[in-house]
Amino acid sequence: MFKFNSNILKIKLFYLKFLGKIHENNFKLDTNTPINNVKSVLMIFPVEEQDFNVAKYCFKSLFLNSDIKYTYLISNVFYSNIRFKGEIYGFNYIKKKNKIILNDDFKSKNIFNKEFDVIIDLNCNFMLDIAMIINKLKSNYKIGFKSEYSDFFYNIQFKYNTLEKCYSKINLMLS
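These notes cover the structure that comes with them. (Residues numbered from 1 in each chain as written. Predicted model: local features only at pLDDT ≥ 70, side-chain atom pairs only at ≥ 80, totals over all residues. Heavy atoms only, no water.)

### Let's talk about the sheet that holds strand E7 (residues 156-158)
In step 1: Pairing is mixed in the open sheet, where seven strands are placed in the order E4-E3-E2-E1-E5-E6-E7. This sheet does not close on itself; its edge strands, each paired only once, are strand E4 (99-102) and E7. Neighbour to neighbour, the strand axes of the sheet diverge by 20° on average, direction disregarded.
In step 2: The pairing of strand E6 (residues 138-145) with E7 spans three bridges and is classified as parallel. Bridging from a neighbouring strand, Phe-145 pairs with Phe-158 of E7. (Pairing = 2+ DSSP bridges. Helix = DSSP H or I, 4+ residues; strand = E, 2+ residues; numbered from the N terminus. Axes fitted to C-alpha atoms, helices over the stretch in contact; angles between N-to-C directions.)

Pasting the structure below:
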């Protein structure tokens with residue numbers, strides 16, 4: 001698990017909410033039923049190698065679906081060994097600072113102006129930078145893992161028990 005000062009994170013979240021940069025999601029959904037009419041999905045892959053490999057394996061069957069347009073946000077460490085159908089963008093993860101730096105192509109292709117039907121954060125640990133990226137993007141469904149701060153960013157949250165179980169629920173919602 002990542003080590004970071006939760007007091008600093010709470011202060012940052014307070015000011016971001018106060019300044020209006022964080023908008024709580026009020027939309028709720030039953031996670032046992034598939035989401036209808038999904039045309040575009042942004043999937044943010046985990047930064048940890050073991051979690052990344054589990055996600056790559058669990059979602060392999062979804063990536064073959066030609067009806068949905070997938071966009072992937074993947075750490076540059078794993079970027080070169082990915083052969084998924086869809087647009088792939090990278091980011092650098094600085095573990096010491098728990099910081100995400102997006103590649104220039106993500107910003108230059110105006111991804112922040114696109115609207116996705118579903119945005120999925122596959123990181124089981126809360127990461128403020130990824131949550132802020134998700135907050136800036138437009139989508140009805142923002143899926144992530146339950147944490148102390150997840151209510152601010154995700155309208156569909158899964159309680160972490162095992163990655164395979166959570167990923168299979170997400171997989172069912174998209175199929």
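### Observations regarding the packing of aromatic side chains
In step 1: Scanning the entire structure with this criterion turns up twelve aromatic pairs.
In step 2: Arranged with centres 4.2 Å apart and planes meeting at 10°, the rings of Phe-52 and Phe-78 form a pair that is stacked. Remark: Phe-78 occurs in helix H4 (residues 76-79) and Phe-52 occurs in helix H2 (residues 49-58); sequence separation between them is 26 residues. For the pair shown, Phe-52 and Phe-78 are each scored as buried. (Phe/Tyr/Trp six-rings, centres within 6.5 Å; stacked < 30°, edge-to-face > 60°. Buried < 20%, exposed > 50% of the residue type's maximum accessible area, 1.4 Å probe, protein only.)

### Side note on unusual backbone geometry
In step 1: A positive phi angle, close to 55°, is found at Asn-98, a residue other than glycine.
In step 2: The residue Asn-98 is located in the loop between strand E3 (87-94) and E4 in this model.
In step 3: A residue is classified by how much of its surface remains accessible, and Asn-98, at 16% relative accessible area, is buried.
In step 4: Residue Asn-110 is not a glycine yet carries a positive backbone phi of 55°.

### Here we look at helix H6 (residues 128-136)
In step 1: Counting buried positions over the nine residues of H6 gives eight, a clear majority of the element.
In step 2: Of all the positions in H6, only Leu-128, Asp-129, Ile-130, Ala-131, Met-132, Ile-133, Ile-134 and Asn-135 are classed as buried.

### Here we look at the pattern of salt bridges
In step 1: According to the stated counting rule, one finds five salt bridges in the structure shown.
In step 2: Between Lys-95 and Glu-48 there is a salt bridge, with its nearest N and O atoms 3.7 Å apart. Of this pair, Lys-95 sits in the loop between E3 and E4 while Glu-48 sits in the loop between strand E1 (40-44) and H2, and the two are 47 residues apart along the sequence.
In step 3: Lys-99 is the partner of Asp-129 in a salt bridge, and the nearest nitrogen-oxygen pair spans 3.6 Å. Placement of the pair is Asp-129 in helix H6 and Lys-99 in strand E4, with a sequence separation of 30 residues.
In step 4: Lys-99 sits in the partly exposed class, given a relative accessible area of 38%. (Salt bridge = Lys/Arg side-chain N within 4 Å of Asp/Glu carboxyl O.)

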